[in-house]
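Now for the letters of each chain:
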Number of protein chains: 2
Amino acid sequence: MTDAPHREPRSFSDIDEVLDMLRADGDRVSAARRLVLEALFAADGPVSADAIADGLDGQHMPLDRTSVYRNLEHFEKLGIVHHVHAGHGAGLYVLAGSGEHEYLVCERCHRVQAVEPKVLDAARSAIQRAAGYRARFSHFPIHGLCSTCAGATSRLQR
Amino acid sequence: MTDAPHREPRSFSDIDEVLDMLRADGDRVSAARRLVLEALFAADGPVSADAIADGLDGQHMPLDRTSVYRNLEHFEKLGIVHHVHAGHGAGLYVLAGSGEHEYLVCERCHRVQAVEPKVLDAARSAIQRAAGYRARFSHFPIHGLCSTCAGATSRLQR
DNA sequence: TTGCAATCGCAACAGCGTCGCAATAGGGTC
DNA sequence: GACCCTATTGCGACGCTGTTGCGATTGCAA
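Residues numbered from 1 in each chain as written. Chains lettered and ligands numbered in written order. Predicted model: local features only at pLDDT ≥ 70, side-chain atom pairs only at ≥ 80, totals over all residues.

Overview of the protein's contact with DNA strand C
Here is step 1 of the chain: The local shell around DNA strand C holds 28 residues, among which Val29, Ala90 and Gly91 of chain A together with Asp27 and Ala32 of chain B are the closest.
Here is step 2 of the chain: Breaking the surface near DNA strand C down by element, the ones donating at least two residues are helix 3 (49–53) and helix 5 (65–77) of chain A together with helix 2 (31–42) and helix 5 (65–77) of chain B.
Here is step 3 of the chain: For the surface near DNA strand C, the residue count by class is 8 nonpolar, 10 polar and 10 charged. (Near = placed C-beta within 6 Å. Helix = DSSP H or I, 4+ residues; strand = E, 2+ residues; numbered from the N terminus. Nonpolar A, V, L, I, M, F, W, Y, C, P; charged D, E, K, R; others polar.)

Focus on the protein's contact with DNA strand D
Here is step 1 of the chain: Around DNA strand D, 28 residues are found, and the nearest of them are Asp27, Ala32 and Asp64 of chain A together with Val29 and Gly91 of chain B.
Here is step 2 of the chain: For the surface near DNA strand D, the secondary-structure elements that each account for two or more residues are helix 2 (31–42) and helix 5 of chain A together with helix 3 (49–53) and helix 5 of chain B.
Here is step 3 of the chain: Looking at the surface near DNA strand D residue by residue, the class counts come to 8 nonpolar, 10 polar and 10 charged.

Describing the packing of helix 2 of chain B against helix 5 of chain B
For any two helices packed against each other, the geometry is given by the interaxial angle and the distance between the axes.
All names here are of chain B.
Here is step 1 of the chain: Axis separation between helix 2 and helix 5 bottoms out at 10 Å; the angle between their running directions is 75 degrees. Taken together, the axis directions place helix 2 and helix 5 in an arrangement best described as roughly perpendicular. Between helix 2, through Ala32, Arg33 and Val36, and helix 5, the contact on the second element is made entirely by Ser67, Val68, Asn71 and Leu72.
Here is step 2 of the chain: Here the residues of the contact of helix 2 with helix 5 sort into 4 nonpolar, 2 polar and 1 charged. (Axes fitted to C-alpha atoms, helices over the stretch in contact; angles between N-to-C directions. Parallel < 35°, antiparallel > 145°, perpendicular 65-115°, else oblique. Contact = placed C-beta atoms within 7 Å.)

So, the environment of Leu95 of chain A
Residues and elements named next belong to chain A.
Here is step 1 of the chain: Tracing the chain through its elements places Leu95 in strand 3 (residues 92–95).
Here is step 2 of the chain: Taking C-alpha positions, Leu95 is 12 Å from Ser48, a pair spaced 47 residues apart along the chain.
Here is step 3 of the chain: Among all residues touching Leu95, those that are not within four sequence positions of it are Leu40, Phe41, Ile80 and Val81.

As for the nonpolar core
Here is step 1 of the chain: Judged by nonpolar contacts, the single largest core of 74 residues is most densely connected at Val36, Val81 and Ile127 of chain A together with Val36, Val81 and Ile127 of chain B.
Here is step 2 of the chain: Among all residues touching Val81 of chain B, those that are not within four sequence positions of it are Leu40, Leu72, Phe75, Glu76, Tyr93, Val94, Leu95 and Ala96 of chain B. (Core = buried A, V, L, I, M, F, W, Y, C linked by C-beta atoms within 7 Å. Buried ≥ 20, exposed ≤ 12 C-beta atoms within 10 Å, placed from the backbone.)

Things to note about the environment of Leu56 of chain B
Residue and element names in this part refer to chain B.
Here is step 1 of the chain: Mapped onto the secondary structure, Leu56 falls in helix 4 (residues 55–58).
Here is step 2 of the chain: Classification of Leu56 as partly exposed rests on a count of 16 C-beta atoms within 10 Å.
Here is step 3 of the chain: Once the C-alpha coordinates of Leu56 and Ala130 are considered, the two residues, 74 residues apart in sequence, prove to be 42 Å apart.
Here is step 4 of the chain: Residues within four places of Leu56 in sequence aside, it is in contact with Ala39, Ala42, Ala43, Val47 and Ala51.

Focus on the sheet that holds strand 1 (residues 47–48) of chain A
Residue and element names in this part refer to chain A.
Here is step 1 of the chain: Pairing within the open sheet is antiparallel, and its 3 strands lie in the order 1-3-2. The sheet is open, and its two borders are formed by strand 1 and strand 2 (81–84), each paired with just one other strand.
Here is step 2 of the chain: The sheet contact formed by strand 2 and strand 3 spans 4 bridges and is antiparallel. Opposite Val84, over in strand 3, you have Leu92 as the bridge partner.
Here is step 3 of the chain: Packed on one face of the sheet, helix 5 meets strand 2 and strand 3 and runs near 110 degrees to strand 2. (Pairing = 2+ DSSP bridges.)

Here it is in structure tokens:
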């Protein structure tokens, strides 16, 4: 799970568009590649490499973990995929097709929420002012309590 | 590296104070425990369990990794130590003695900077407003570029 | 000094990710 | 459609981080 994409994120909305991007690159369109992409398109959020290898739900034939990791890394280099570290446990992969996102993870319900980077710009400025850091939450998300869990917790504490 | 401390962070400034806290708790003061604490006091920031086991610099006799992990976890339950995930790689442990801290990690130079929680309160409010999350950066830090590296990067890009 | 439970250290294991290498299979060419 | 070349696959093994089981050791209280 090497960092740093080699290309800018690329936009697409279709699996065939991605396959064409691969072909245009001189890459082969193998069965495994197709299945990894199908799993990513089928997922409704970031998913682990293992989940993809198992076919998310056991639908498709199980793929070799190594190949899945290699393809995800390959896709990441091409700007088709990127990954997030949502806490302990495995890294999670998402299609980059709809532009960059940043993430928030609830420490209690473990839900991973994606937001447009501009949503966090005010927070980014505050961090810049307070600590001099230019923060990015696309690879390592913000951790905390989502509103639902925060509500539940404070109700319990009362 | 189980989460959730069992006690509130406790304050202390001295290794003997900590040893007394252990004794007061009915815990034994073993050689291994003493060495782990010495390593934590000697470190000038968060350190990995392996670094502690190796004696930071090979000064003390190497300790068993398992024992180090078990002691760190034990100390964490007592509110003496807590740990941070600074990126890929191993978790990092710090004494809790001087109160809670939150962390920022530079994605480029990998330096881990600790700040008082109140420094990030404005950012926390901005996140609360923008996404409804109550953010905590004490266990999973903020990632980004520190001012030095951000400066170096923008200079290179020019 | 003795006795016993807390702690230790070793060996083994689990999860995540990577590497090396021989076998397979895309896909261009004839 | 057959052929060839090499990108890609899948297997086995490994590395790192952390955990578990268990017999041996050792604090420490009596």
